[in-house]
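Residue-level structural notes
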Amino acid sequence: MKMVKKNIKNESLSILLVEPDFPIPPKSKNHKNFLPIGLLKIGAYLKNTRRVTKVKLVRGNARAGFVPDEIWITSLFTYWSEYFWNSVKFYRSAYPNSVIRAGGIYASLHFNNKDFKENCKQYSVKPHFGIYDAADKCPPEYSLIPPNPHPLNYQIIHSTRGCPRHCKFCYTWKLEPKFTSKRTIKDEICSNKLVFYDNNLLTNKHIDEFLKEISGLKYNSKVVRCESQSGFDGRILEERPELAIALKKARFDNPRIAWDWNYSQWKRIEKQIHTLENARYPAKDIYVFMIFNWDIPFLEMERKRLKCWKWKVQITDCRYRPMTQLYDHFNSRSRQNSEDYFIHPKWSDAEVKQFRRNVRKQNICVRHGFPFHSGLLERKGVTKKLSMELRDLPREKVLQKVPDAWFPDKICKPPTKCF
Ligand code: B12
Ligand code: SF4
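Scope of this entry: the structure provided in the associated data block. (Residues numbered from 1 in each chain as written. Chains lettered and ligands numbered in written order. Predicted model: local features only at pLDDT ≥ 70, side-chain atom pairs only at ≥ 80, totals over all residues. Heavy atoms only, no water.)

Next up on the list: the packing of helix α10 (residues 266-278) against helix α11 (residues 298-311). It is the contact of α10 with α11, at a shortest axis distance of 12 Å, that shows an interaxial angle of 30°. One way to sum up the angle between α10 and α11 is to call them roughly parallel. Helix-helix and strand crossings are classified by hand; for α10 and α11 the assignment is right-handed. When α10 is examined against α11, the residues W266, I269, E270 and I273 are found in contact with a partner set consisting of K307, K310 and W311. Of the residues that constitute the contact of α10 with α11, the class distribution is four nonpolar, no polar and three charged. (Axes fitted to C-alpha atoms, helices over the stretch in contact; angles between N-to-C directions. Helix = DSSP H or I, 4+ residues; strand = E, 2+ residues; numbered from the N terminus. Parallel < 35°, antiparallel > 145°, perpendicular 65-115°, else oblique. Left-handed = near helix turned anticlockwise from the far one by under 90°. Contact = heavy atoms within 4.5 Å. Nonpolar A, V, L, I, M, F, W, Y, C, P; charged D, E, K, R; others polar.)

Once that is clear, we can look at the site of ligand 1. Among the 36 residues in the neighbourhood of ligand 1, the closest are listed as T74, T78, Y79, D136 and Y171. Between ligand 1 and N33, the relevant distance is 3.0 Å, taken from a nitrogen atom to a main-chain nitrogen or oxygen of the residue. The contact in question runs from a nitrogen atom of ligand 1 to an N or O atom on the side chain of T74, over 2.7 Å. Contributions of two or more residues to the shell around ligand 1 are made by α1 (37-47), β3 (70-73), β4 (99-102), α6 (172-175) and β15 (314-319). Per element, the largest residue contribution to the shell around ligand 1 is three residues, and it comes from α1. Here the shell around ligand 1 is built from residues that sort into 18 nonpolar, twelve polar and six charged. (Near = heavy atom within 4 Å. Polar contact = N/O pair within 3.5 Å; in protein donor to acceptor, adjacent residues only side chain to side chain.)

Residues in contact with ligand 2, as listed here, are C163, R165, C167, F169, C170, T172, W173, N199 and N200. Residues that form the shell around ligand 2 fall into these classes: five nonpolar, three polar and one charged.

So, on to unusual backbone geometry. Of note, N220 is a non-glycine position whose phi angle comes to about 50°, a positive value. Residue position: N220 is located in the loop between β10 (218-219) and β11 (222-223). Overall, N220 belongs to the exposed group, its relative accessible area being 59%. Non-glycine residue N254 carries a positive phi angle of around 45°. (Buried < 20%, exposed > 50% of the residue type's maximum accessible area, 1.4 Å probe, protein only.)

Attention now moves to the nonpolar core. I185, F196, L211, I214 and F252 are the most contacted members of the largest nonpolar core, which has 57 residues in total. For this core, the secondary-structure elements that each account for two or more residues are β9 (193-196), α7 (207-215), α8 (234-239), α9 (242-249), α10, β14 (287-292), α11 and α12 (349-368). Ignoring anything within four residues of it in the chain, the contact list for I185 reads I157, L194, F196, F210, E213, I214 and L217. (Core = buried A, V, L, I, M, F, W, Y, C linked by side-chain atoms within 4.5 Å.)

By the secondary structure assignment, H110 is in the loop between α3 (105-109) and α4 (114-122). Among the residues examined, H110 registers a relative accessible area of 6% and is labelled buried. Those residues in contact with H110 that lie beyond four places of it in its chain are T78, F116, M323 and L326.

The subject of this paragraph is the packing of α11 against α12. Their axes nearest at 11 Å, the elements α11 and α12 cross at an angle of 0°. Classified by the angle their axes make, α11 and α12 are roughly parallel. When α11 is examined against α12, the residues F298, M301, E302, R305, C308 and W309 are found in contact with a partner set consisting of E351, Q354, F355, N358, V359, Q362, C365 and V366. Here the contact of α11 with α12 is composed, by residue class, of eight nonpolar, three polar and three charged.

Rendered as structure tokens:
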């Protein structure tokens, strides 16, 4: 690839921001889990830069309608690298003379990787490592997002960057080596719903005054509600149970904690759940993150699942992929092998899928307060009356009436045999 034309200092610039065509269902594009928030911050920064006269965001691979001087492509999960490279190829061929810059999670985690560097050279891409400091300070420019398929009814906040802990399966402390905390966010508020993308919110150095500020925040004369996409650090909740009450007062919904390690830790997890319950969070609104397809084998994970059933809390199952895994063609409906997606040496494809199914069915039971799950009944749509009748029947009777009834309270190995 020949060298691209260099921009001359003081020349005005038009910039295209690109979110690759990640496998996000179109209807979820504006969902709180899938917003190219890094690009929105960069967009805000560029719009305030005098030399930049035009900034446009494209989601996917499509021509811009003008020839951009620079194209800034973001990246996300390492196992979505192929979508990133497809965008690079598309934009390099559409605009052979534009400068292409790349950043985001995959570009940062593979920044020093030989293949990554060679590909950057081949397509004449300038990679960037980690946070883009000047942009990170800017509130995201939400106006860059078209209001389709539905308008945004939330805003994303980072109150901290980095994490003081160094868990071995986590890359946050590599991506964000510097730990920073904000004391206040009141000047950033532009919505009644705040979604926090902090890695570990409770480690905010000013957490007490921070939560106090949020509990008093209003937007358009209405209170704000909050959610943290990452879990609350259970060790901090154990040491400072009053923080659970402060979170509730700050109107944090659906609190999540993590149980990434062994079954033997259940007493601590139980205590953390009780701390949240004591702060008036109903058990079914509490979520426990669990990493699976990892060092802890299937049967131990099942024992962890049974504990969550006993506590009547929901599970957020997180399938592990190592950083070196550059693709993920996981399909819950078919039999697959390690060529399709990463399968941990202690796990099998059938176990990965069985565990996921068990968690999904169990979560439905927890949410609806039902003692068993049935796909047949779910498809038919059960009347309230029948569901109340079935709820009170002994197990054998339920199985006579509902042959596919699945009870969460037993270890359930693949394929479907339970013992
Ligand atoms: C919030 C979050 C989520 C949210 C939202 C994700 C999202 N859309 O960003 C949700 C809940 C959906 C999520 C889910 C998962 N997540 Co997550 N998540 C995060 C978290 C905590 C923050 C991401 C964030 O703040 N983005 C916000 C923006 C501002 O940051 P940014 O995109 O990096 O952009 C900045 C820079 O990168 C740079 N930049 C970005 N683009 C560009 C482009 C150019 C040209 C330049 C110059 C600069 C630049 O500038 C920006 C401003 O500073 C990160 C940890 C982290 N600290 O990154 C983990 C993280 C990304 N998640 C991770 C994982 C593993 C997951 C899950 C797979 C967990 C699981 N097993 O279920 C799932 C995946 C679900 C799926 N659909 O596949 C891993 C990814 C590891 C990997 N291999 O890629 C991370 C790194 C955490 C970890 N455990 O190490 N996650
Ligand atoms: S506490 Fe959470 S965010 Fe921090 S290193 Fe561990 S897993 Fe990552």
